[in-house]
Amino acid sequence: MNDGLPTRAKGGDSEKITINLGFVDLGHIDLLVAEGVYANRTDFIRTAIRNQLTAQADTVRQMVARKMLVLGLQRFGSAELRAAQAAGEQLDIRVLGLASIDGDVSPELAQATIASVTVLGAFQASPGVKAALAGRIH
């Protein structure tokens, strides 16, 4: 079933986060793990997050449409950015998921062709490109 949300990431396509939980909540999770309901704490947390995202799917879809976000992965290489530059265009990157700028994109090309970057999720680019776009990343 596809509810319009991106499918879960596998392996290297994910980002590690850290959360703080109260001792009682952590104890509840550990009890469920000890009793075999979940394989480990991570399994419990991922399941809880997926369940919440499924419950909020309609709200997320409405927000994505309203904010005109690309859902999933959006990748830019030097060929795409040179084409935009030749057309005299500047890009407004708006992504819910992962926005990625290839390593072959120079900071100067990125600065000349990218007007703004709004990413809800993760933004991958070289340190030089990120520095060149620092004032344009929201």
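Please refer to the structure placed before this passage.
Here the structure is a predicted model, which is why all the values come from computation and not from measurement. (Residues numbered from 1 in each chain as written. Predicted model: local features only at pLDDT ≥ 70, side-chain atom pairs only at ≥ 80, totals over all residues. Heavy atoms only, no water.)

Side note on the pattern of salt bridges
- Counted under the stated rule, the structure contains three salt bridges.
- With a shortest N-O distance of 2.7 Å, Arg41 and Asp30 are connected by a salt bridge. Placement of Arg41 in helix α2 (residues 41–55) and of Asp30 in helix α1 (residues 23–34) is noted, with a sequence separation of eleven residues between them.
- Exposure remark for Arg41: the relative accessible area of 40% places this residue in the partly exposed category. (Salt bridge = Lys/Arg side-chain N within 4 Å of Asp/Glu carboxyl O. Helix = DSSP H or I, 4+ residues; strand = E, 2+ residues; numbered from the N terminus. Buried < 20%, exposed > 50% of the residue type's maximum accessible area, 1.4 Å probe, protein only.)

Let's talk about unusual backbone geometry
- Non-glycine residue Met68 carries a positive phi angle of around 55°.
- With respect to the helices and strands, Met68 occurs in the loop between α3 (57–67) and β1 (70–76).

Thoughts on α3
- For α3, every residue scored as buried is listed here: Ala57, Val60 and Val64. Buried residues in α3, looked at end-on, bunch into an arc of 60°, giving them a common side. Residues of α3 that are exposed and point over 90 degrees away from its buried face: Asp58, Gln62, Ala65 and Arg66.
- Buried-residue contacts for α3 involve α2, β1 and β2 (91–101). (Arc of directions from axis to C-beta. Contact = heavy atoms within 4.5 Å.)

Observations concerning a nonpolar patch on the surface
- A surface patch of nonpolar side chains, amounting to about 280 Å² of accessible area, comprises Ile17, Ile19 and Leu21.
- You can see Ile19 is positioned in the segment before α1.
- By relative accessible area, which is 45% here, Ile19 ends up partly exposed. (Patch = residues over 30% accessible without salt bridge, like charges linked within 9 Å, V, L, I, M, F, W, Y side chains within 5 Å. Areas by Shrake-Rupley, 256 points an atom, 1.4 Å probe, with all protein chains shown as cover.)

Examining the sheet that holds β1
- Read across the open sheet, the three strands follow the order β1-β2-β3; overall the sheet is parallel. Looking at the sheet topology across the chains shown, the edges are occupied by β1 and β3 (114–124). Taken over all neighbouring pairs, the strand axes of this sheet differ in orientation by 40° on average, direction set aside.
- Alignment of β2 against β3, held across ten bridges, turns out to be parallel. Bridged to Leu98 within β3 is Ala122. (Pairing = 2+ DSSP bridges. Axes fitted to C-alpha atoms, helices over the stretch in contact; angles between N-to-C directions.)

Any link to function would need more than the numbers given here.
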